[in-house]
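For reference, the chains in residue letters:
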Amino acid sequence: MSNTMALPKDQLVQQALARMQGSLADNTWTVREKLALTCRILFDRGHDSGLAGQISARGPQPGTFYTQQLGLGFDEISASNLLLVNEDLEVLEGQGMANPANRFHSWLYRARPDVNCIIHTHPTHVAALSMLEVPLQVSHMDVCPLYDDCAFLERWPGVPVGNEEGEIIAAALGDKRAILLSHHGQLSTGADIEQACVTANLIERAAQLQLLAMSAGSIQPIDPALAREAHDWIDRPKRHGAAFNYFARQSLRKHADCLN
């Protein structure tokens with residue numbers, strides 16, 4: 001006889017969360033390895049746009065972060081060729097130079113002590129949606145971690161190599177997890193690399209769904225209370241870790257060299 005068929009939803013949710021804690025394994029990759037894996041994961045999932053976009057994670061000392069070197073595509077990043085830079089983008093470890101557009105990462109890390117990873121990319125559907133100057137519309141369960149958690153910068157401030165762009169983007173992001181940048185792309189953040197990576201993939205998926213739905217009719221909003229419930233159910237470290245591990249397994253079948 002079943003012991004759970006008569007239980008209320010809140011109890012079933014708590015049971016499931018407790019089981020996740022014991023059943024979903026954490027990974028043991030280093031920060032460098034996870035950042036390199038993120039570059040390959042995003043390349044495989046449509047975030048490649050030549051040399052555009054930057055991915056970073058806080059470094060071992062305050063005011064430092066790891067990022068890829070300018071001139072390498074996401075599919076060429078490995079744990080060994082990442083750079084460690086300071087807030088002025090001076091290279092502390094590694095060869096080459098950082099993308100000058102990484103300057104706004106320094107501003108975001110200063111503004112958001114809770115953020116440990118920043119992903120800025122120009123994936124196809126996000127870039128297309130950004131040209132319409134409309135906010136991201138979350139209206140599907142799968143992308144609810146972005147519900148009321150994706151900001152919108154309507155006016156493009158130009159290429160983000162100046163301090164002004166850093167201030168503008170940091171202010172527009174506020175306390176949100178992600179932001180859609182008009183005529184530009186997306187920016188996703190995370191308390192860890194796993195969360196940022198999953199969020200970046202979600203925002204591209206959300207933009208794709210929005211464009212498809214807009215081409216067929218009017219998007220209908222979802223109930224705010226249910227959307228917030230789904231946000232909190234999906235947006236959890238264990239779930240992000242499991243999703244990241246799955247993406248990593250997929251990418252490692254093609255990109256085993258990224259852990260070199």
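None of the values given here were measured: they were computed from a predicted structure.

So, the packing of aromatic side chains
Reasoning step 1: Throughout the structure, instances matching the rule amount to three aromatic pairs.
Reasoning step 2: Ring geometry for F65 versus Y109: centroids 5.5 Å apart, planes at 40 degrees, classification tilted. Linking F65 in strand 2 (residues 64-67) with Y109 in helix 3 (residues 103-111), this pair joins segments that are 44 residues apart in sequence. Grouping residues by exposure puts F65 and Y109 together as buried.

Section: the UniProt feature "domain: Class II aldolase/adducin N-terminal" (unreviewed entry) in the protein chain
Reasoning step 1: The UniProt entry lists residues 33-211 under the feature "domain: Class II aldolase/adducin N-terminal" (unreviewed entry), expressed in the numbering used here.
Reasoning step 2: Split by type, residues 33-211 is 32% helix and 20% strand. Its first and last C-alpha atoms lie 34 Å apart.

Things to note about the sheet that holds strand 4 (residues 91-93)
Reasoning step 1: An order of 4-3-2-1-5-8-7-6 is seen for the eight strands of this open sheet, with the pairing classed as mixed. Single-partner strands in this sheet number two, and they are strand 4 and strand 6 (150-153). Across this sheet, the average inter-strand angle for adjacent strands is 25 degrees, counted without regard to direction.
Reasoning step 2: Bridge count for strand 1 (residues 54-58) against strand 5 (residues 117-121) is four bridges, and the pairing is antiparallel. Across the sheet, the residue bridging to A57 is C117, located in strand 5.
Reasoning step 3: With respect to the sheet, helix 2 (residues 31-44) is in contact with strand 1, strand 2, strand 4 and strand 5, its orientation differing from that of strand 1 by roughly 160 degrees.
Reasoning step 4: Here helix 5 (residues 163-173) sits on the sheet in contact with strand 6, strand 7 (178-181) and strand 8 (185-190), set at roughly 140 degrees to strand 6.

Topic: helix 7 (residues 224-234)
Reasoning step 1: Listing the buried residues of helix 7 in full gives A227, A230, H231 and I234. One side of helix 7 carries all its buried residues, which in axial view fall inside an arc of 105 degrees.
Reasoning step 2: In the core, the buried residues of helix 7 are packed alongside helix 8 (237-252).
Reasoning step 3: Where helix 7 begins, one side-chain oxygen reaches toward the backbone nitrogen of A225, 2.9 Å away; that side chain belongs to D223.

Here we look at unusual backbone geometry
Reasoning step 1: In this model, D148 sits at a positive phi of 55 degrees, which is unusual for a non-glycine residue.
Reasoning step 2: In this structure, D148 sits in the loop between helix 4 (124-130) and strand 6.
Reasoning step 3: Despite not being glycine, H183 shows a phi value in the positive range, around 55 degrees.
Reasoning step 4: Structurally, H183 is set in the loop between strand 7 and strand 8.
Reasoning step 5: Here H183 falls in the partly exposed class, since its relative accessible area comes to 37%.

Side note on the pairing of strand 8
Reasoning step 1: For strand 8, the buried fraction is high: six of the six residues fall into the buried class.
Reasoning step 2: With five bridges joining them, strand 5 and strand 8 adopt antiparallel strand pairing. Bridge assignment links T121 to a residue of strand 8, and that residue is Q186.
Reasoning step 3: The loop that links strand 7 with its antiparallel partner strand 8 comprises three residues; one of these, H183, has a positive phi angle of about 55 degrees.

Some words on the packing of helix 3 against helix 5
Reasoning step 1: Viewed as axis vectors pointing N to C, helix 3 and helix 5 meet at an angle of 40 degrees, and their least axial separation amounts to 8 Å. If you check the angle between helix 3 and helix 5, you find them oblique. In terms of crossing hand, the pair formed by helix 3 and helix 5 is right-handed. Residues R103, F104, W107, L108 and A111 of helix 3 form the contact with helix 5, whose own contacting residues are N163, G166, E167, I169, A170 and L173.
Reasoning step 2: Broken down by class, the residue content of the contact of helix 3 with helix 5 amounts to seven nonpolar, two polar and two charged.

Things to note about the pattern of salt bridges
Reasoning step 1: Tallying each qualifying case throughout the model produces nine salt bridges.
Reasoning step 2: Residue K9 pairs with E229 through a salt bridge whose shortest N-O separation is 3.2 Å. Residue K9 is found in helix 1 (residues 9-23), and its partner E229 is found in helix 7; the two are separated by 220 residues along the sequence.
Reasoning step 3: Judged by its relative accessible area of 53%, K9 falls in the exposed class.
Reasoning step 4: With its nearest N and O atoms 3.1 Å apart, the salt bridge here joins R40 to D257.

Analysis parameters
- Residues numbered from 1 in each chain as written.
- Predicted model: local features only at pLDDT ≥ 70, side-chain atom pairs only at ≥ 80, totals over all residues.
- Heavy atoms only, no water.
- Phe/Tyr/Trp six-rings, centres within 6.5 Å; stacked < 30°, edge-to-face > 60°.
- Helix = DSSP H or I, 4+ residues; strand = E, 2+ residues; numbered from the N terminus.
- Buried < 20%, exposed > 50% of the residue type's maximum accessible area, 1.4 Å probe, protein only.
- UniProt positions renumbered as here; feature names shortened; annotations may be inferred.
- Pairing = 2+ DSSP bridges.
- Axes fitted to C-alpha atoms, helices over the stretch in contact; angles between N-to-C directions.
- Contact = heavy atoms within 4.5 Å.
- Arc of directions from axis to C-beta.
- Polar contact = N/O pair within 3.5 Å; in protein donor to acceptor, adjacent residues only side chain to side chain.
- Parallel < 35°, antiparallel > 145°, perpendicular 65-115°, else oblique.
- Left-handed = near helix turned anticlockwise from the far one by under 90°.
- Nonpolar A, V, L, I, M, F, W, Y, C, P; charged D, E, K, R; others polar.
- Salt bridge = Lys/Arg side-chain N within 4 Å of Asp/Glu carboxyl O.

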